[in-house]
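# Report on the structure
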Amino acid sequence: MAQQDTEHEQAQDEGVLPVDDEGFVIDTEDAGEREEARCARGTARPITVVGNPVLHKECRDVTVFDEELDRLIDDMFASQRAAEGVGLAANQIGVDLKVFVYDCGDDEGVRHVGAVCNPVLRELPADQRRLDDSNEGCLSVPTAYAETPRTDYAEVTGQDARGNPVRIRGNGYFARCLQHETDHLYGYLYIDRLSKRDRKDALRQMAEGTARYATVPNA
Ligand SMILES: [Zn+2]
């Protein structure tokens, strides 16, 4: 009888990522293959937009880590790809649950792919808080962009698709993505962080543009 192939079994579970020496997930390995597998199983759903109540309240915690959650994550990856996004929160496809997915490059151009449930952003000490003012956009505010201050480094703790505790960290654009997606699950859009004037301008850009992907009309 052959020895059990445990290494192979572990590699097959896409819900669980390896961790580095400091306990952070390694979400850069096989990024393309993992994203592809999720998209192949998932179905793209239309994106909710600003004004839809599901985007403006805190989502429910994920408490059941089952196949249904996995199917939701598959659909989220498919929706993210269809809308050409780099991150997507569950309430952006109308699901009131604390989970987000990402497929995002960092400052070195390295691609990060993953999913996190019940994310909490780590409060950085003052000497580690460097603000970056780059442009930010959101699939739920189609065609609008605005300079939005975010820290250039971020850490998120949460759980993976199996309920195991995970820690994710990122810099640059990926750090911005981690902050943006966590905000979504607590009912905040990036335009809520802007001055009144900049928010109004973003909403005007949205009103003047046309989304290049399917959206859920507001009632
Ligand atoms: Zn967004």
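How each quantity is defined
Residues numbered from 1 in each chain as written. Predicted model: local features only at pLDDT ≥ 70, side-chain atom pairs only at ≥ 80, totals over all residues. Helix = DSSP H or I, 4+ residues; strand = E, 2+ residues; numbered from the N terminus. Rg over C-alpha atoms; globule rule 2.2 N^0.38 Å. Contact = placed C-beta atoms within 7 Å. UniProt positions renumbered as here; feature names shortened; annotations may be inferred. Core = buried A, V, L, I, M, F, W, Y, C linked by C-beta atoms within 7 Å. Buried ≥ 20, exposed ≤ 12 C-beta atoms within 10 Å, placed from the backbone. Pairing = 2+ DSSP bridges. Axes fitted to C-alpha atoms, helices over the stretch in contact; angles between N-to-C directions. Arc of directions from axis to C-beta.

### Focus: the overall build of the protein chain
In terms of helices and strands, the protein chain carries 5 helices and 11 strands. Here the C-alpha atoms of the protein chain give a radius of gyration of 17 Å, agreeing with the 17 Å that 2.2 N^0.38 yields for 219 residues. In the protein chain, the share of contacts with a sequence separation of at least 24, taken over all contacts with a separation of at least 6, comes to 71%.

### Some remarks on the UniProt feature "binding site: Fe cation" (unreviewed entry) in the protein chain
UniProt feature "binding site: Fe cation" (unreviewed entry): in the numbering of this structure it lies at Cys138, His180 and His184. These annotated residues cover 47 residues of sequence, and their C-alpha atoms all fall within 10.1 Å of one another, placing them together at a single site. When residues no more than four places from it in sequence are discounted, the contact partners of Cys138 are Leu189 and Tyr190. In this structure, His180 sits in helix H4 (residues 172-185). Ignoring sequence-local partners within four residues, the contact set of His180 consists of Gly87, Glu136 and Tyr190.

### Section: the UniProt feature "active site" (unreviewed entry) in the protein chain
Look at the UniProt record and you will see "active site" (unreviewed entry) annotated at Glu181. With respect to the secondary-structure elements, Glu181 resides in helix H4. Residues in contact with Glu181, not counting those within four places in the same chain, are Gly87, Ala89, Phe100 and Tyr102.

### A short note on the nonpolar core
Nonpolar side chains tend to gather and get buried jointly when the protein is soluble and globular. If you look at the biggest cluster of nonpolar residues, it comprises 48 residues, and the most contacted ones within it are Ile73, Met76, Ala90, Val99, Phe100 and Val101. Mapped by element, the contributors of at least two residues to this core are helix H3 (67-82), strand S2 (87-89), strand S3 (99-105), strand S4 (111-121), strand S9 (153-159), strand S10 (165-171), H4 and helix H5 (196-208). No other element matches the 6 residues that H3 contributes to this core.

### What about unusual backbone geometry?
With phi around 50°, Asp30 is a residue other than glycine that occupies positive phi space. The topology assignment puts Asp30 in the loop between helix H1 (6-12) and helix H2 (31-41). Asp30 gets classed as partly exposed once you count the C-beta atoms within 10 Å, which come to 15. The residue Thr143 is not glycine, and still its phi comes out positive at about 70°. Topologically, Thr143 is positioned in the loop between strand S6 (135-136) and strand S7 (146-147). Exposure remark for Thr143: the 14 C-beta atoms within 10 Å place this residue in the partly exposed category.

### Considering the sheet that holds S10
The 5 strands lie next to each other as S2-S3-S4-S9-S10, forming an open sheet whose pairing is antiparallel. Two strands lie at the open edges of the sheet, namely S2 and S10, each paired on one side alone. Averaged over all adjacent pairs, the angle separating strand axes in this sheet is 30°, with direction ignored. Two elements, S3 and S4, share 7 bridges in a ladder whose sense is antiparallel. When the bridges of S4 are listed, Gly105 appears paired with Arg111.

### Here's the deal with the environment of Tyr190
Here Tyr190 is to be found in the loop between H4 and H5. Sequence separation between Tyr190 and Gln179 is 11 residues, and the spatial gap between their C-alpha atoms is 9.4 Å. Sequence-distant contacts of Tyr190, that is, excluding residues within four places in its chain, are made with Glu136, Cys138, Thr148 and His180.

### Here's the deal with H2
Looking at H2, one finds that the buried residues are Glu35, Arg38 and Cys39. For H2, the buried positions fall inside an angular range of 95° around the axis, keeping them on one side. H2 presents Glu33 and Ala40 as exposed residues on the side facing more than 90 degrees away from its buried surface. Contact partners of the buried residues in H2: H3, S3 and S4.

### Section: the environment of Ile191
Secondary-structure assignment places Ile191 in the loop between H4 and H5. If we ignore the near neighbours within four places in the chain, the residues touching Ile191 are Val50, Val141, Arg199 and Ala202.

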